[in-house]
Amino acid sequence: MAEPVFRTLEILLPPLVEANGTHPTFDGLENIPEHGGAVLTLNHTSYLDWYPASIAAMRRHRRLRFMIKAEMARVPVIGFVVRHIKLIPVDRSAGSGAYEVAVQRLREGELIGVHPEATISRSFELKQFKSGAVRMAQAAGVPLIPVAVWGVQRIWTKDHPRKLWHNTAPVLIKIGEPFHPTDDLEESVALLYQKMAALLEEAQLEYPHPAGAYWVPLRLGGSAPDPERAQAMWEAEMAERDRKRLARAGYGKVRRALAVLRGR
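Nothing here was measured: the structure is a model prediction, and the numbers come from that model.

(A) How the structure looks around the pairing of strand 5 (residues 111–114). Residue alternation in strand 5 divides its side chains into two sets, Leu111 and Gly113 and Ile112 and Val114, and both sets are buried. Where strand 2 (residues 38–42) and strand 5 come together, four bridges link them in parallel fashion. Bridge pairing in strand 5 places Val39 opposite Ile112. Inspection of the sheet shows strand 3 (residues 64–69) paired to strand 5 by three bridges, in the parallel sense. Looking at the pairing, Arg65 lines up with Ile112 of strand 5.

(B) Main features of the pattern of salt bridges. Taken as a whole and judged by the stated rule, the model has 16 salt bridges. Residues Arg63 and Glu3 are paired through a salt bridge, measuring 3.5 Å at the closest nitrogen-oxygen approach. Taken as a pair, Arg63 in the loop between helix 2 (50–59) and strand 3 and Glu3 in the segment before helix 1 (4–20) lie far apart in primary sequence, 60 residues in all. With a closest N to O distance of 2.9 Å, Asp27 and Lys174 form a salt bridge. Taken together, the residues span a long stretch of sequence, with Asp27 in strand 1 (residues 24–27) and Lys174 in strand 7 (residues 171–175) at a distance of 147 residues. The network of salt bridges with shared partners includes Glu3, Arg7, Glu10, Arg63, Arg65 and Glu110.

Rules used throughout
- Residues numbered from 1 in each chain as written.
- Predicted model: local features only at pLDDT ≥ 70, side-chain atom pairs only at ≥ 80, totals over all residues.
- Heavy atoms only, no water.
- Buried < 20%, exposed > 50% of the residue type's maximum accessible area, 1.4 Å probe, protein only.
- Helix = DSSP H or I, 4+ residues; strand = E, 2+ residues; numbered from the N terminus.
- Pairing = 2+ DSSP bridges.
- Salt bridge = Lys/Arg side-chain N within 4 Å of Asp/Glu carboxyl O.

Function cannot be inferred from these measures alone, as they are strictly geometric.
This is the structure:
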């Protein structure tokens, strides 16, 4: 498979990241198939969860294609990368197109990476799951592979400064056994949640958690918000985003109206 941009990233990024201090540890690499389509589902605690999961796929001589917010693809440099490594932009106002692309890619034997939580969890606990990952696996007839990534939230997460350089934080990646969803969507989503929660707890139990650290869940002695407070913070964030979007739309209407008046 040629894909020169992807191949360049595969060659350059791993040694650069390792030289920077990040050393991921993998458990369950054999659960990523060397051939055939599958949906890898990751918990979402960081802007960088995709990286250790992509390295895990590379260790199995595979390439992992993530679904990504469409607005990210509009940034020129990011858009170039998205196009050339075949990520799947998702327009939240019209997500069916991305869904169909993902299902087709799965049928063609590719690995697709999905965050069932859809957004970063400020509590670092699992949020409620969306059903898209399960529906894609059902439609394409491929397995789901639950994945838990832990420790990468220390490098870059919501509401806290990035620590990208010379960061020696250990990162654990737990990869569960593949399983096929049943025809019962609700049952399959619940089973996926259960399997990911078990993997996440396993990773957390192996990881040292300093008391009061911002990146440690409250139940483990950290200072992260509890799930209820984290949900309230997310709802406030979404409300503010909607307010700004409406304000921009209103400003645009005013400008267009003024342009019409000037043209008379």
